[in-house]
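# Coordinate inspection notes
Read off the chains here:
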Amino acid sequence: MSEKKFDYLILRASPDPIRSESLNAGVVVFDAQNTVVLVDTSKRRLPALHPDLGRIDFSEWAEKVQDELRSHPQEMQMTILQILSSPLICDRNIGITTGEGALEQAQYLFKRLVERQSATLSLPKNRIIKQSKLAKELKDWFKSSKVFSNKIEGLSRNLVVENYPVDPASDLYADFALQNGKLHIIETLDLRNIDHLTPSIRGNAAIKGFTLNEVGENSNAIAIISASDYSVARPAISMISKFADEVYDLSTIDGRQSLSQFIAKSLHKPDLNLNLRIN
């Protein structure tokens, strides 16, 4: 099959013009009746930009826009896309790509221009993060409940394992992990008894957030937090929670009960000690 040229546009998410923040959210490759619309449907990138974007079914949105564009002549499709693109916006610059088919080129452009990029820089090798008191308390609870293993093989035996390697090459290890069909990656952030956020605390929160952000799309990113003064801790909590699929606040009774029930259900341990105590 001979190669042909395709026009394409980048779809961007920019929900708050005043903040001037944006992310590449999708691509459209034009090809008469075969125009292709691909949009980021992951649960982490776009909601991290604005929570409202996490409440939109972009898979359904892309399908509807694609069907509508294909029902019109190609020379009209760009104009129609400008009308249909909300809540996304169309890049002003029309690109040109060359290949055998529109779908092939859309997939290539999506991977190159939209999907999350892999880290190329390693974290400092002398980085040492001591296990927090919160992580130790959870570890003690897992041990007392007989659901803890210090070996990765414990995942296959319905156990919680520690120091799970999210990305060993980048020295990214999560506090805990467990598996129940889906892999659940857990990071803890202990912000109790602090009166201000030191650079070390901020850095720790940022690295934990980055670790959760590197969790695969088929895995579940969980943040477990506890704080004494939320007026002080809120910025650090934001650093980790915006990359988490679920957040458990163990400073509340409801948070402790919810986490206990989640662990019991995930590990198929109906007799698990649900009395999780955090000092």
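Residues numbered from 1 in each chain as written. Predicted model: local features only at pLDDT ≥ 70, side-chain atom pairs only at ≥ 80, totals over all residues. Heavy atoms only, no water.

On to the confidence of the model for the chain, then. Per-residue confidence for the chain gives a mean pLDDT of 88; residues scoring 70 or more make up 95%. Ranking the helices and strands of the chain by mean pLDDT puts strand β3 (residues 36-39) first, with 96, and helix α1 (residues 45-49) last, with 84. (pLDDT = per-residue confidence, 0-100. Helix = DSSP H or I, 4+ residues; strand = E, 2+ residues; numbered from the N terminus.)

Among the secondary structure elements, Gln66 is positioned in helix α2 (residues 58-70). Residue classification places Gln66 among the buried positions, given a relative accessible area of 15%. Ignoring sequence-local partners within four residues, the contact set of Gln66 consists of Thr35, Val36 and Val37. (Buried < 20%, exposed > 50% of the residue type's maximum accessible area, 1.4 Å probe, protein only. Contact = heavy atoms within 4.5 Å.)

Further remarks concern unusual backbone geometry. The peptide bond linking Ser86 to Pro87 adopts the cis configuration, its omega dihedral lying at 10 degrees. Relative to the helices and strands, Pro87 resides in the loop between α3 (74-84) and β4 (89-90). Of note in the backbone geometry, Ala32 takes a positive phi value of approximately 50 degrees without being a glycine. Among the secondary structure elements, Ala32 is positioned in the loop between β2 (23-29) and β3. In this structure, Asn158 is a non-glycine residue whose phi angle is positive, near 55 degrees. Mapped onto the fold, Asn158 is located in the loop between β6 (148-149) and β7 (160-167). Asn158 sits in the partly exposed class, given a relative accessible area of 27%.

On to the sheet that holds β7, then. Spatially, the six strands line up as an open sheet ordered β6-β7-β8-β9-β10-β11, and their pairing is mixed. With one partner strand each, in any of the chains shown, β6 and β11 (246-249) form the two edges of the open sheet. Pairing analysis gives five bridges linking β7 to strand β8 (residues 172-180), with the strands arranged antiparallel. Counted as the bridge partner of Glu162 is Phe176 from β8. Running over the sheet, helix α5 (residues 133-144) touches β6, β7, β8, β9 (182-191) and β10 (219-227) and is turned about 130 degrees from β9. Here helix α6 (residues 199-213) sits on the sheet in contact with β7, β8, β9 and β10, set at roughly 170 degrees to β9. (Pairing = 2+ DSSP bridges. Axes fitted to C-alpha atoms, helices over the stretch in contact; angles between N-to-C directions.)

What follows concerns the pattern of salt bridges. A full pass over the atoms with the stated rule returns 10 salt bridges. Of the charged contacts in the structure, one is a salt bridge between Lys4 and Asp31, with a shortest N-O distance of 3.0 Å. With a gap of 27 residues between them, Lys4 in strand β1 (residues 4-13) and Asp31 in the loop between β2 and β3 connect regions that are remote in the sequence. For Lys4, a relative accessible area of 39% translates into the label partly exposed. Between Arg12 and Asp91 there is a salt bridge; the shortest N-O distance is 2.3 Å. (Salt bridge = Lys/Arg side-chain N within 4 Å of Asp/Glu carboxyl O.)

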